[in-house]
Amino acid sequence: MSGFPKASESDCDCFDTGHSSTSISAGLGMVSARELAGRDETIVSVIGDGSLTGGMAFEALNNAGRIDTNFIIILNDNNMSISENVGGIPKYLNSIRTSNGYLGLKESVYNKIKDKPYGADVVGKIRRAKNSFKSLMVPVGMMFEEMGIVYLGPVDGHDIRALRHAITEAKRFKRAVLIHVITKKGKGFAPAEKHPARFHGTEPFDVKNGVPLNHRTVAGWTDIFSTVMFKMGEKDPKIVAVTAAMAEGCGLKRFRNKFPERLFDVGIAEQHAVTFAAGLAKGGFTPVVAIYSSFLQRAYDQVLEDVCLQNLHVVFAIDRAGLVGADGETHQGVFDISYLTQIPNMVLCSPKNKWELSDMLKFAFKYNGPIAVRYPRGVAYDGLEEYRAPVELGKSEWIYREDGVCIMSLGNMVEVCEKAREILKKDGIHVSLVNARFVKPLDTEMVKESCKNHSLIVTVEDGVKDGGFGMQVLKCLSDEGISKEVLCMGIPDKFIHQGSIDELRAEIGLDAEGIAEAVKKKLSIGL
Ligand SMILES: Cc1ncc(C[n+]2csc(CCOP(=O)(O)OP(=O)(O)O)c2C)c(N)n1
């Protein structure tokens with residue numbers, strides 16, 4: 001099952017989502033559809049306090065403030081994003097939480113009198129009085145109210161009765177109504193209450209004590225980034241980090257602990273994060289935007305307009321690039337090669353192993369312009385240690401040179417291609433292997449050279465084939481007027497569902513066996 005709402009899996013999931021802050025927009029669209037179609041269903045959008053820090057949520061609230069029909073927004077405020085929720089919005093919500101008493105008064109008064117014969121009339125009067133009184137004395141929820149959205153709350157979200165009352169009341173309004181619900185992250189399971197950030201999304205654990213069942217002892221790609229970032233941060237005070245509420249996931253905890261003033265957690269606001277980084281670069285700093293590949297999609301325009309157009313030195317440390325596995329369709333990091341290489345001035349590279357990640361990051365810190373280093377989820381490859389030529393802009397690396405088939409790849413797919421090469425060798429097929437390192441600028445000399453003594457070129461990437469690395473190679477051949485047999489392997493033109501990375505690769509033929517099979521097929525049908 002998906003870890004995210006997915007309508008094809010459950011009738012209770014009415015909208016597929018995995019990227020945050022979308023619920024108010026989607027709900028408001030459904031409200032408009034209901035009005036146009038003349039139906040009368042109740043539409044409820046649920047949004048977390050972390051997700052409310054995303055600009056999209058405010059675009060939708062702005063829009064919702066003008067409607068004259070019912071639309072219920074439930075703000076699930078647990079005072080946490082994945083970890084601490086930071087910024088002005090959490091501060092504001094916190095001030096409401098601590099100014100208590102407001103809903104308590106309303107609920108108890110309404111409950112006592114509403115079923116009495118005179119109840120409805122009195123409740124109406126209290127409501128009107130409350131509204132004028134509130135604007136004079138009680139600032140609770142005024143920000144929403146002044147946007148034209150009725151504010152109800154705060155309500156204890158673990159008190160079902162109170163919640164039911166609030167929702168029943170909210171249904172009466174012919175406007176957008178926001179119910180501010182207070183909850184506790186991890187409520188009901190002591191280890192999760194104690195470590196809410198760790199339990200936000202968890203691997204299998206022992207239910208008795210919450211201890212993870214699988215302890216990973218080898219370094220992941222994120223760990224390597226974390227170490228390099230920390231060490232480079234020590235050497236160069238101009239290096240600063242920007243995260244959109246993902247300091248833990250992106251490996252910035254160590255940097256934050258040592259240099260809290262140089263770590264900027266901007267909330268779940270990727271677009272803002274990128275333009276904010278552009279501002280830091282303009283101000284003479286070296287910002288590193290540490291971000292998951294799929295979340296960077298949100299900031300495409302900012303990367304293009306605010307960073308690349310001005311050729312600013314912003315480093316994009318793109319984590320979870322390629323298939324991410326369990327998080328499924330919404331989180332697969334398979335589009336970045338395609339969408340970043342279209343943009344002038346952008347440099348994009350990807351390391352084959354953990355040493356190369358370190359070298360590439362150091363190269364990126366020195367390079368003067370927009371540069372993205374993409375690396376995947378999981379354990380960092382520690383093979384091919386002996387191949388450690390200095391990283392040079394647009395220079396690839398030959399790992400094996402033979403006449404026959406030339407496989408070109410980059411990132412973690414180099415390891416997979418190494419295995420595919422072993423399989424092909426057993427069948428007597430000679431295979432060269434190139435670690436392309438850079439998709440942009442592409443090593444065109446290497447591409448031209450590879451055409452000399454290879455009958456087939458195979459490109460392999462863990463990104464979408466459309467607009468990907470393989471297509472850059474094809475474009476290079478076309479530009480050079482070289483006619484060559486090329487097999488492009490990558491993610492097909494469809495959304496890839498959840499599953500283990502190994503399962504998914506096997507499913508789309510992007511594992512070692514699948515690659516070897518495709519090469520043999522291509523060779524057997526004749527070039
Ligand atoms: C656009 C985007 N950026 C980052 C994330 C990663 N992420 C998943 S949940 C989450 C925190 C959400 O906090 P909140 O909305 O308060 O929900 P809670 O889990 O606390 O209920 C973040 C940052 C995401 N899903 N989407």
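Check the entry above for the structure.
Residues numbered from 1 in each chain as written. Predicted model: local features only at pLDDT ≥ 70, side-chain atom pairs only at ≥ 80, totals over all residues. Heavy atoms only, no water.

Visitor: Please explain the overall build of the chain as it appears in this structure.
Guide: Scanning the chain from terminus to terminus reveals 20 helices and 16 strands. By principal-axis analysis of the C-alpha atoms, the chain measures approximately 95 × 50 × 50 Å. When burial is assessed residue by residue, the chain has 53% of its 527 residues classed as buried. Counted over contacts in the chain with a minimum sequence separation of 6, partners at least 24 positions apart contribute 75%. Accessible surface, the chain: about 23,900 Å² in total, of which carbon and sulfur atoms supply 54%. (Helix = DSSP H or I, 4+ residues; strand = E, 2+ residues; numbered from the N terminus. Buried < 20%, exposed > 50% of the residue type's maximum accessible area, 1.4 Å probe, protein only. Contact = heavy atoms within 4.5 Å. Areas by Shrake-Rupley, 256 points an atom, 1.4 Å probe, with all protein chains shown as cover.)

Visitor: Any chance you could explain the site of the ligand here in plain terms?
Guide: Around the ligand sit 19 residues, and of these Gly50, Ser51, Asn78, Met80 and Glu270 come closest. For the ligand, whose accessible area on its own is 580 Å², the fraction buried by protein is 87%. Looking at the shell around the ligand residue by residue, the classes come out as six nonpolar, nine polar and four charged. (Near = heavy atom within 4 Å. Nonpolar A, V, L, I, M, F, W, Y, C, P; charged D, E, K, R; others polar.)

Visitor: Explanation requested: the environment of Pro344 in the structure shown.
Guide: Relative to the assigned elements, Pro344 resides in the loop between α14 (336-341) and β9 (347-349). C-alpha of Pro344 to C-alpha of Lys440: the two residues are 96 residues apart in sequence and 9.8 Å apart in space. Other than its neighbours up to four places away in sequence, Pro344 contacts Cys308 and Lys440.

Visitor: Could you clarify how one ought to interpret the side chain of Arg374 in this entry?
Guide: Inspection of the secondary structure puts Arg374 in strand β10 (residues 371-374). On the basis of relative accessible area, Arg374 is assigned to the buried category, the value being 3%. Here Asp336 takes part through its side chain, which lies 2.6 Å from a polar atom of the side chain of Arg374. Excluding anything up to four places from it in sequence, Arg374 contacts Ile318, Ala321, Gly322, Gly333, Asp336, Ile337, Leu348, Cys349, Ser350, Pro351 and Asp462. (Polar contact = N/O pair within 3.5 Å; in protein donor to acceptor, adjacent residues only side chain to side chain.)

Visitor: What should I look at first to understand the pattern of salt bridges in this one?
Guide: When the charged atoms of two side chains lie near each other, side chains of opposite charge can form a pair. As enumerated under the stated definition, the model contains 23 salt bridges in all. A salt bridge links Lys258 to Glu234; the shortest N-O distance between them is 3.0 Å. With a gap of 24 residues between them, Lys258 in helix α10 (residues 253-258) and Glu234 in helix α9 (residues 221-235) connect regions that are remote in the sequence. For Glu234, a relative accessible area of 44% corresponds to the partly exposed category. The partner of Glu480 in a salt bridge is Lys448, and the shortest N-O contact between them spans 3.8 Å. Separated by 32 residues along the polypeptide, Glu480 in helix α18 (residues 469-480) and Lys448 in helix α17 (residues 444-450) bring together distant segments of the chain. (Salt bridge = Lys/Arg side-chain N within 4 Å of Asp/Glu carboxyl O.)

Visitor: What is the right way to read the environment of His272 from this model?
Guide: Note that His272 resides in helix α11 (residues 270-282). Sequence separation between His272 and Gly54 is 218 residues, and the spatial gap between their C-alpha atoms is 9.0 Å.

Visitor: Looking at this structure, how should I read the side chain of Asn70?
Guide: Relative to the helices and strands, Asn70 is located in the loop between α2 (55-64) and β2 (71-77). Asn70 sits in the buried class, given a relative accessible area of 10%. A polar contact is formed between the side chain of Asn70 and the backbone oxygen of Phe173, at a distance of 2.8 Å.

Visitor: For this particular structure, what's the right way to read a positive patch on the surface?
Guide: Taken together, the side chains of Lys231, Lys235, Arg254, Lys362 and Lys366 present a region of like positive charge at the surface. If you list the elements that add at least two residues to the positive patch, you get α9 and α15 (354-366). With respect to the element layout, Lys362 can be found in helix α15. For Lys362, a relative accessible area of 33% translates into the label partly exposed. (Patch = residues over 30% accessible without salt bridge, like charges linked within 9 Å, V, L, I, M, F, W, Y side chains within 5 Å. Lys, Arg positive; Asp, Glu negative; His and termini not counted. Charge placed at Lys NZ, Arg CZ, Asp CG, Glu CD.)

Visitor: Can you help me understand helix α3 (residues 88-98) in this one?
Guide: Because an α-helix packs 3.6 residues into every turn, residues spaced three or four apart end up facing the same way. Among the residues of α3, Ile89, Pro90, Tyr92, Leu93 and Ile96 are the ones counted as buried. The arc that holds the buried residues of α3, viewed along the axis, is 160°, so those residues lie on one side. Facing away from the buried side of α3 by more than 90 degrees, the exposed set consists of Gly88, Lys91 and Thr98. Those residues of α3 that are buried are in contact with α2, β2, α6 (142-146), β3 (150-156) and β4 (176-182). (Arc of directions from axis to C-beta.)

Visitor: Help me understand the sheet that holds strand β5 (residues 239-243) in this model?
Guide: In a beta sheet, neighbouring strands are held together by backbone hydrogen bonds and run either parallel or antiparallel to one another. Ordered by their spatial adjacency, seven strands build an open sheet running β6-β5-β7-β8-β10-β9-β14, and the pairing between neighbours is mixed. Where the open sheet ends on each side, the last strands, each with one partner, are β6 (263-265) and β14 (438-440). This sheet shows a mean twist of 20° between the axes of neighbouring strands, independent of strand direction. Here four bridges tie β5 to strand β7 (residues 286-292), and the two strands are oriented parallel to one another. (Pairing = 2+ DSSP bridges. Axes fitted to C-alpha atoms, helices over the stretch in contact; angles between N-to-C directions.)

Visitor: What is the right way to look at the packing of helix α16 (residues 413-426) against helix α20 (residues 512-524) in this model?
Guide: Helices that pack against each other are described as a pair by the angle of their axes relative to one another and the distance between those axes. Direction vectors running N to C along α16 and α20 enclose 55°, while the axes themselves pass 8 Å from each other. Here α20 runs oblique to α16, going by the angle between their axes. In this structure, the crossing between α16 and α20 has a hand that is right-handed. When α16 is examined against α20, the residues Met413, Val416, Cys417, Lys419, Ala420, Ile423 and Leu424 are found in contact with a partner set consisting of Ala512, Glu513, Ile515, Ala516, Val519 and Lys520. Residues of the contact of α16 with α20, tallied by class, amount to ten nonpolar, no polar and three charged. (Parallel < 35°, antiparallel > 145°, perpendicular 65-115°, else oblique. Left-handed = near helix turned anticlockwise from the far one by under 90°.)

Visitor: Looking at this model, I keep getting lost on the packing of aromatic side chains. Mind explaining?
Guide: One pass over the structure, following the stated rule, counts 15 aromatic pairs. Geometrically, the ring pair formed by Phe189 and Phe205 is tilted, given 5.7 Å between the ring centres and 35° between the ring planes. Linking Phe189 in the loop between β4 and α8 (190-194) with Phe205 in the loop between α8 and α9, this pair joins segments that are 16 residues apart in sequence. Given a relative accessible area of 24%, Phe189 falls into the partly exposed group. Arranged with centres 5.9 Å apart and planes meeting at 75°, the rings of Phe363 and Phe438 form a pair that is edge-to-face. Of this pair, Phe363 sits in helix α15 while Phe438 sits in strand β14; the two residues are 75 residues apart in sequence, bridging distant segments of the chain. Across this residue pair, the class does not change: Phe363 and Phe438 are buried. An aromatic cluster is built from Tyr92, Phe144 and Tyr151, whose rings are joined through pairwise contacts. We note Lys238 situated over the ring of Phe285; from NZ or CZ to the ring centre the distance is 4.9 Å. One cation-aromatic arrangement involves Arg421 over Tyr400; the distance from NZ or CZ to the ring centre is 3.8 Å. (Phe/Tyr/Trp six-rings, centres within 6.5 Å; stacked < 30°, edge-to-face > 60°. Lys NZ or Arg CZ within 6 Å of the ring centre and 35° of its normal.)

Scope: geometric values only; no functional claims are made or implied.
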